[in-house]
Amino acid sequence: MYFNERIETMERLQLRQLQSERLVKLVKYTYDNVKFYRERMDKAGVKPEDIKSIDDISKLPFMQKQDLRDYYPTDTFAAPMKDIVRFHASSGTTGKPIVAGYTQNDLECWAEGVARCLTAYGVSKEDIVQVSYGYGLFTGGLGAHDGASKIGAAVLPTSSGNTAKQIMLMKDLKTTTLCCTPSYALFLAESIENDPDTDVKKDLHLRVGAFGAEPWTENMRKELEKKLNINAYDIYGLTEVSGPGVGGECEYQDGTHLWEDMFFPEIIDPVTLQPVEPGQQGELVFTTLTKEGMPVVRYRTRDLTHLIYDKCRCGRTMVRMGRILGRSDDMLIIRGVNVFPSTIESCILEFPEYTGQYFITVDRVNNVDTFDVDVELRPDFANASEDEKKGLKDKLVNRLVSVLGIKPSLHIVEPNSIERSQGKAKHVLDKRKLA
Ligand code: ADP
Ligand code: ZN
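Keep in mind that this is a model prediction, so the values were computed, not measured.

Conventions used here
Residues numbered from 1 in each chain as written. Chains lettered and ligands numbered in written order. Predicted model: local features only at pLDDT ≥ 70, side-chain atom pairs only at ≥ 80, totals over all residues. Heavy atoms only, no water. Helix = DSSP H or I, 4+ residues; strand = E, 2+ residues; numbered from the N terminus. Buried < 20%, exposed > 50% of the residue type's maximum accessible area, 1.4 Å probe, protein only. Contact = heavy atoms within 4.5 Å. Areas by Shrake-Rupley, 256 points an atom, 1.4 Å probe, with all protein chains shown as cover. Lys, Arg positive; Asp, Glu negative; His and termini not counted. Charge placed at Lys NZ, Arg CZ, Asp CG, Glu CD. Pairing = 2+ DSSP bridges. Donors = N, O, S within 2.8 Å, 3.2 Å for Na, K, Ca; no water. Tetrahedral: all angles 85-135°; square planar, octahedral: opposite > 155°, others 65-115°. Axes fitted to C-alpha atoms, helices over the stretch in contact; angles between N-to-C directions. Parallel < 35°, antiparallel > 145°, perpendicular 65-115°, else oblique. Nonpolar A, V, L, I, M, F, W, Y, C, P; charged D, E, K, R; others polar. Salt bridge = Lys/Arg side-chain N within 4 Å of Asp/Glu carboxyl O.

Caption draft 1: Seen up close, the overall build of the protein. Counting secondary structure elements, the protein contains 13 helices and 21 strands. Overall size of the protein, expressed as C-alpha extent along the three principal axes, is 75 × 55 × 40 Å. Among the 435 residues that make up the protein, the fraction classed as buried is 55%. Contacts in the protein between residues far apart in sequence, at least 24 positions, make up 66% of those at least 6 positions apart. For the protein, the exposed area adds up to about 19000 Å²; of that, 50% sits on carbon and sulfur atoms. Where the 56 positive side-chain charges of the protein centre and where its 64 negative ones centre are 2 Å apart.

Caption draft 2: Representation of the pairing of strand S19 (residues 368–377) within the structure. Strand direction decides the pairing type here: strand S18 (residues 354–365) and S19, joined by nine bridges, are antiparallel. Residue pairing across strands places Val362 opposite Phe371, the latter belonging to S19. The sheet contact formed by S19 and strand S20 (residues 409–413) spans five bridges and is parallel. From the neighbouring strand, Asp372 faces S20, where its bridge partner is Ser409.

Caption draft 3: Structural view of the coordination of the zinc ion (ligand 2). Around the zinc ion (ligand 2), the protein contributes the donor atoms Cys250 (SG), His257 (NE2), Cys312 (SG) and Cys314 (SG), at 2.1 to 2.3 Å from the metal centre. The site at the zinc ion (ligand 2) holds four donor atoms, and with the angles between them running 103 to 114 degrees, its shape is tetrahedral. Sequence spacing of the donor residues for the zinc ion (ligand 2), all on one chain, is C-x6-H-x54-C-x1-C. On the criterion of sequence distance, the pair formed by His257 in strand S9 (residues 256–258) and Cys314 in the loop between strand S13 (307–308) and strand S14 (320–321) is long-range, its members being 57 residues apart. For the pair formed by His257 and Cys314, the shared burial category is buried.

Caption draft 4: Structural view of the packing of helix H5 (residues 104–120) against helix H6 (residues 139–150). Packing of H5 against H6 brings their axes to within 7 Å, and their N-to-C directions diverge by 75 degrees. As far as their axial angle goes, H6 and H5 are roughly perpendicular. On H6, the residues touching Glu108, Trp110, Ala111, Glu112, Val114, Ala115 and Leu118 of H5 are Thr139, Gly143, Ala144, Asp146, Gly147, Ala148 and Lys150. A breakdown of the residues in the contact of H5 with H6 according to their chemical character gives seven nonpolar, three polar and four charged.

Caption draft 5: The arrangement of the sheet that holds strand S12 (residues 299–305) in detail. Pairing is antiparallel in the open sheet, where four strands are placed in the order S10-S11-S12-S15. The open sheet terminates on both sides in strands that have one partner only, identified here as strand S10 (263–268) and strand S15 (326–327). Pairing geometry for S12 and S15, over two bridges, is antiparallel. Bridging from a neighbouring strand, Asp303 pairs with Arg327 of S15.

Caption draft 6: Structural view of the pattern of salt bridges. Here the structure, examined in full by the defined rule, presents 32 salt bridges. For Asp32, the salt bridge goes to Lys28, with nearest N and O atoms at 2.7 Å. Taken as a pair, Asp32 and Lys28 lie in helix H2 (residues 12–33) at a separation of four residues, close to a single helical turn.

So, to be careful, I would describe these as geometric facts and stop short of saying anything about function.
The structure is reproduced here in structure tokens:
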């Protein structure tokens, strides 16, 4: 099922034409209305007339989060304040938050993006959609809410937290679709497992999970699908570009379709800033083709991924994005080796004995990096003998060494001692950055 069949299955040549028309308009619009864009284009020696089609996009300068911080709060807005109807702010995971402003049309486009995702997951007006993303400045809650409303589903706006009540309402109102971060979904699943009054298959009606806002892995998908008896789908987005629903998976779970008629993606080499070969990994860059309030032009997301242009079995022609490995600034360099937390998550989840909760601590002692990983055993394995625990530990250490190329100090900690997240999980403490 498609939400907007004409657009989602548009011939790529025709899509390119639409993107070209929209880019030409956008460049003129931002040049005329925003000093920031005018100055940068003037400096780069590019005039709006030089941009005649989407092929000319590479003539335009890139922008980064720091630009939005420098022009905080609203100096990159292109629409007059009277036309702004909503603000959001990024969660500030990596520093000072940035503020986004939306016109009514921006909210419609954003909701359409989420509606396309939900429809691709098989969600319809028949469904009860529990939105356990945080409501407020974070785009997750209201973004998922507006998208679910657009398809006419019944929205249960629980926001994040208060897990016991979430489970009660999920049961009593027969929630079919759960929207939250994968780490909160894992916590909910654990809480349901530990609740003697709730059986996932008998008492719950969950069918679909719409998970995003942080990196997650195929192994986490399997874990959540099994534990919650659902199909779990990726939803991707970021505040600077609008919010969740910049793209989402289809029923084939084989890459996240990006809604390219609204959000034009490019992949560049983060060092040379040149486009990578098709299909190669690099940094994802977006240009918003329809946004009015706070458009962005060639915005560097710092998210590392690759794009797949082959037509998908679902019939959608829109490009697919591979799993996000992480942001370039999530990458830890430990003893000279590049380590992504998502790789560690994936290894831990290969072993059914572990809960999937983990915490990484990195420090530097006597000029040598230390690398500690805390993991928990599932309650049914927590009482294993010391010998058995040692065996389990060795197996995981060996796996991590073979995948990462360096050896962590692994610690099996008490069940439930690793802090659970209700939103985006914090998996890392890098003490070297505090020094
Ligand atoms: P902040 O940048 O402060 O965390 P956002 O909520 O805008 O605020 O976060 C957007 C970022 O979250 C994306 O750039 C990406 O790194 C991450 N993200 C969002 N959705 C996904 C997803 N489905 N998979 C992996 N990472 C995601
Ligand atoms: Zn598809």
